[in-house]
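Per-entry structural report
The chain contents come next:
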Amino acid sequence: QVQPVESGGGLVQTGGSLRLSCASSGEPFNNYAVGWFRQVPGKAREPVAIIGWNGNGTRYADSVLGRFTISRDNAKNTVYLQMDNLKHEDTAVYYCSARGVPYAGRLNDGGYRYWGQGTQVTVSS
């Protein structure tokens, strides 16, 4: 079974950068679309960026467009989220999830079946 594992979170100042990584500790997720999501206490989890199995079909939330970049290296079974020009409002727990199909579809299409435990990103103002 696919088991995403996130890494790379931490504390950064406003305007700084972080790169999150997501690898599957179980079955590789090379044939699946993968998404990054985030959640803050008291709010619903929201999609941040998604990518299709072959690196195509990327979609971004309006709030991160132009600042975040999602990519994948299937040879390494890893999906990345490069986060630049971070803002205080980007503070959240970030989750990686594999969709049950190869194609990313639209940002809010859902269908994400396999979830990681999350990694905390804190942006100090």
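In this report, we go over the structure that sits alongside the text. (Residues numbered from 1 in each chain as written. Predicted model: local features only at pLDDT ≥ 70, side-chain atom pairs only at ≥ 80, totals over all residues. Heavy atoms only, no water.)

Bringing the side chain of Arg72 into the picture now. Structurally, Arg72 is set in strand S7 (residues 68-73). Buried within the structure, Arg72 lacks any salt-bridge partner; its nearest side chain of opposite charge belongs to Asp73, at an N-O separation of 8.4 Å. One polar contact links the side chain of Arg72 to the main-chain carbonyl oxygen of Phe29, over a distance of 2.9 Å. Engagement of the side chain of Arg72 in a polar contact is seen with the side chain of Asn74, the distance being 2.9 Å. Among all residues touching Arg72, those that are not within four sequence positions of it are Phe29, Asn30, Tyr32, Ala33, Val34, Ile51, Gly52, Trp53, Gly55, Thr78 and Val79. (Helix = DSSP H or I, 4+ residues; strand = E, 2+ residues; numbered from the N terminus. Buried < 20%, exposed > 50% of the residue type's maximum accessible area, 1.4 Å probe, protein only. Lys, Arg positive; Asp, Glu negative; His and termini not counted. Salt bridge = Lys/Arg side-chain N within 4 Å of Asp/Glu carboxyl O. Polar contact = N/O pair within 3.5 Å; in protein donor to acceptor, adjacent residues only side chain to side chain. Contact = heavy atoms within 4.5 Å.)

One pass over the full model with this rule turns up four salt bridges. We note a salt bridge from Arg38 to Glu46, for which the minimum N-O separation is 2.7 Å. Overall, Glu46 belongs to the partly exposed group, its relative accessible area being 35%. The residue Asp90 makes a salt bridge to Arg38 at a minimum N-O spacing of 2.9 Å. Here Asp90, found in the loop between strand S8 (78-83) and strand S9 (92-99), pairs with Arg38, found in strand S4 (residues 34-39); they are 52 residues apart in sequence, far enough to count as distant. Like Asp90, the residue Arg38 is buried in the burial classification. Overlapping salt bridges, with partners in common, bring together Arg38, Glu46, Arg67 and Asp90 in one network.

Evaluation of the coordinates by the stated rule reveals three aromatic pairs. Judged by centre distance (5.0 Å) and plane angle (75°), the rings of Phe37 and Tyr112 are edge-to-face. Taken together, the positions of Phe37 in strand S4 and Tyr112 in strand S10 (residues 112-115) put the pair 75 residues apart, joining distant regions of the chain. Summarising the burial analysis for this pair, Phe37 and Tyr112 share the class buried. Note on Phe37 and Trp115: the rings are 4.8 Å apart at their centroids and 55° apart in plane angle, and the pair reads as tilted. Of this pair, Phe37 sits in strand S4 while Trp115 sits in strand S10, placing them 78 residues apart in sequence. According to the relative accessible area criterion, Phe37 is buried, its value standing at 8%. Taken together, the ring pairs connect Phe37, Tyr112 and Trp115 into an aromatic cluster. (Phe/Tyr/Trp six-rings, centres within 6.5 Å; stacked < 30°, edge-to-face > 60°.)

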